[in-house]
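Fold and contact review
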Amino acid sequence: MTNIFKPVSASHVTISELMLPSHTNFSGKIHGGYILSLLDQIAFASASKFSGNYCVTASVDTVNFLQPIEVGELVTMKASVNYVGRSSMIVGIRVEAENIQTGAIKHCNSSYFTMVAKDASGKSVAVPGLQLKTLNDVRRFSNCLKQIELKKEHEEHEEEFDYCSAENLANITKYNIQLQLQ
């Protein structure tokens, strides 16, 4: 592990983009897939800036779409590294949309991406340690620890699904699902 530490502020990245009609879905709102693409870009930028290495997306742990985004709104995404492991980082991202005519700002999305730093040959590489300087830094780091524990607990308790068990067949019937196994 490296002895270099960097503050959370060394990972701060902010991007803003005006939402255009070409970004919409069939209901006229900004397409969630377009926002996901922007989220991945800013997670990459934040993690790469912090680690000083090329980074890849290991997982998208949480994406909460809270409010729709309209055409003509200015979307601002703010990202920072909230947690570091040996080669991984959890990047938290907040998305806000501003009505540029009224100045009204709404919180539209919160997301957490796990990114992994890679060297030139594609192997995972150690990242700097994280300096927590504010209570907000500590809160975000603590929330990541809880998120990691929940993820581990879920993986430990996940079992192979038995399609033919009486309980699962009853649930299939209960939820009006037709199962046609070949």
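Here we summarise the structure given alongside this text.

What counts and what doesn't
Residues numbered from 1 in each chain as written. Predicted model: local features only at pLDDT ≥ 70, side-chain atom pairs only at ≥ 80, totals over all residues. Heavy atoms only, no water. Helix = DSSP H or I, 4+ residues; strand = E, 2+ residues; numbered from the N terminus. Rg over C-alpha atoms; globule rule 2.2 N^0.38 Å. Contact = heavy atoms within 4.5 Å. Areas by Shrake-Rupley, 256 points an atom, 1.4 Å probe, with all protein chains shown as cover. Lys, Arg positive; Asp, Glu negative; His and termini not counted. Charge placed at Lys NZ, Arg CZ, Asp CG, Glu CD. Phe/Tyr/Trp six-rings, centres within 6.5 Å; stacked < 30°, edge-to-face > 60°. Lys NZ or Arg CZ within 6 Å of the ring centre and 35° of its normal. Expected span 1.5 Å × (residues − 1). Buried < 20%, exposed > 50% of the residue type's maximum accessible area, 1.4 Å probe, protein only. Pairing = 2+ DSSP bridges. Axes fitted to C-alpha atoms, helices over the stretch in contact; angles between N-to-C directions. Core = buried A, V, L, I, M, F, W, Y, C linked by side-chain atoms within 4.5 Å. Salt bridge = Lys/Arg side-chain N within 4 Å of Asp/Glu carboxyl O.

Re the overall build of the protein chain
Broken down by element type, the protein chain carries 3 helices and 7 strands. The secondary structure elements of the protein chain, listed N-terminal to C-terminal, are β-β-α-β-β-β-β-β-α-α. In summary, the protein chain has a C-alpha radius of gyration of 20 Å against a globular reference of 16 Å for 182 residues, an excess of more than 25%. For the C-alpha atoms alone, the extent of the protein chain along its principal axes is close to 55 × 50 × 35 Å. A fraction of 70% describes how many contacts in the protein chain between residues 6 or more apart in sequence connect residues 24 or more apart. As presented, the protein chain carries roughly 11300 Å² of accessible surface, and 54% of it is formed by carbon and sulfur atoms. Of the charged side chains in the protein chain, 16 are positive and 18 negative; the average position of the first set lies 10 Å away from that of the second.

Re the side chain of Glu96
If you trace the backbone, Glu96 turns up in strand 5 (residues 88-98). In this view, Glu96 contacts Leu74, Val75, Thr76, Lys78, Ile105, Lys106, His107 and Cys108; residues no more than four positions away in its chain are not counted.

Quick word on the packing of aromatic side chains
Each aromatic ring pair is specified by the distance between its two centres and by the angle formed by the two planes. If you walk through the whole model with that rule in mind, you get 2 aromatic pairs. Sitting over the face of the ring of Phe50, Lys6 holds its NZ or CZ atom 5.8 Å from the ring centroid.

Some words on helix 1 (residues 32-51)
Between the first and last C-alpha of helix 1 there are 28 Å, a value that for 20 residues agrees with the 28 Å anticipated at 1.5 Å per step. Looking at helix 1, one finds that the buried residues are Ile35, Leu38, Leu39, Ile42, Ala43, Ser46, Ala47, Ser48, Phe50 and Ser51. Remark: Gly52 follows helix 1 within two positions and exhibits a positive phi of approximately 75 degrees.

Remarks on the sheet that holds strand 3 (residues 54-65)
The sheet built from 5 strands is open, its strands ordered 2-4-5-6-3 with antiparallel pairing. With partners counted over all chains shown, the strands left at the sheet margins are strand 2 (13-18) and strand 3, one partner each. Looking at each pair of strands side by side, their axes are set apart by 25 degrees on average, direction ignored. Note that strand 3 and strand 6 (residues 105-118) share 10 bridges and pair antiparallel.

A short note on the environment of Asn25
Position of Asn25 among the secondary structure elements: in the loop between strand 2 and helix 1. Look at Asn25 and you get partly exposed, because its relative accessible area is 26%. Asn25 has contacts with Ile30 and His31, leaving out every residue within four places of it along the chain.

Re the nonpolar core
Core analysis: the biggest nonpolar cluster contains 29 residues, and Ile35, Ile69, Met77, Met89, Val91, Ile93 and Val95 have the highest contact counts within it. Where this core is concerned, the elements lending two or more residues are helix 1, strand 4 (74-84), strand 5 and strand 6. If one sorts the elements of this core by residue count, helix 1 sits on top with 7 residues. The contacts of Met89, once residues within four sequence positions are left out, are Ala47, Phe50, Ser51, Cys55, Val81, Tyr83, Val84, Phe113, Thr114, Met115, Ala117 and Val127.

Considerations on the pattern of salt bridges
Scanning the model with the defined rule gives 5 salt bridges in all. Put simply, Asp61 and Lys151 hold a salt bridge, and the shortest N to O gap is 2.9 Å. Of this pair, Asp61 sits in strand 3 while Lys151 is found in helix 2 (residues 135-157), placing the two residues 90 residues apart along the sequence. On the basis of relative accessible area, Asp61 is assigned to the partly exposed category, the value being 25%. The exposure class assigned to Lys151 is partly exposed, which follows from its relative accessible area of 38%. Put simply, Glu96 and Lys78 hold a salt bridge, and the shortest N to O gap is 3.8 Å. One end of the pair, Glu96, is in strand 5; the other, Lys78, is in strand 4, and 18 residues separate them in sequence. Connected through shared salt-bridge partners, Lys78, Arg94 and Glu96 make up one network.

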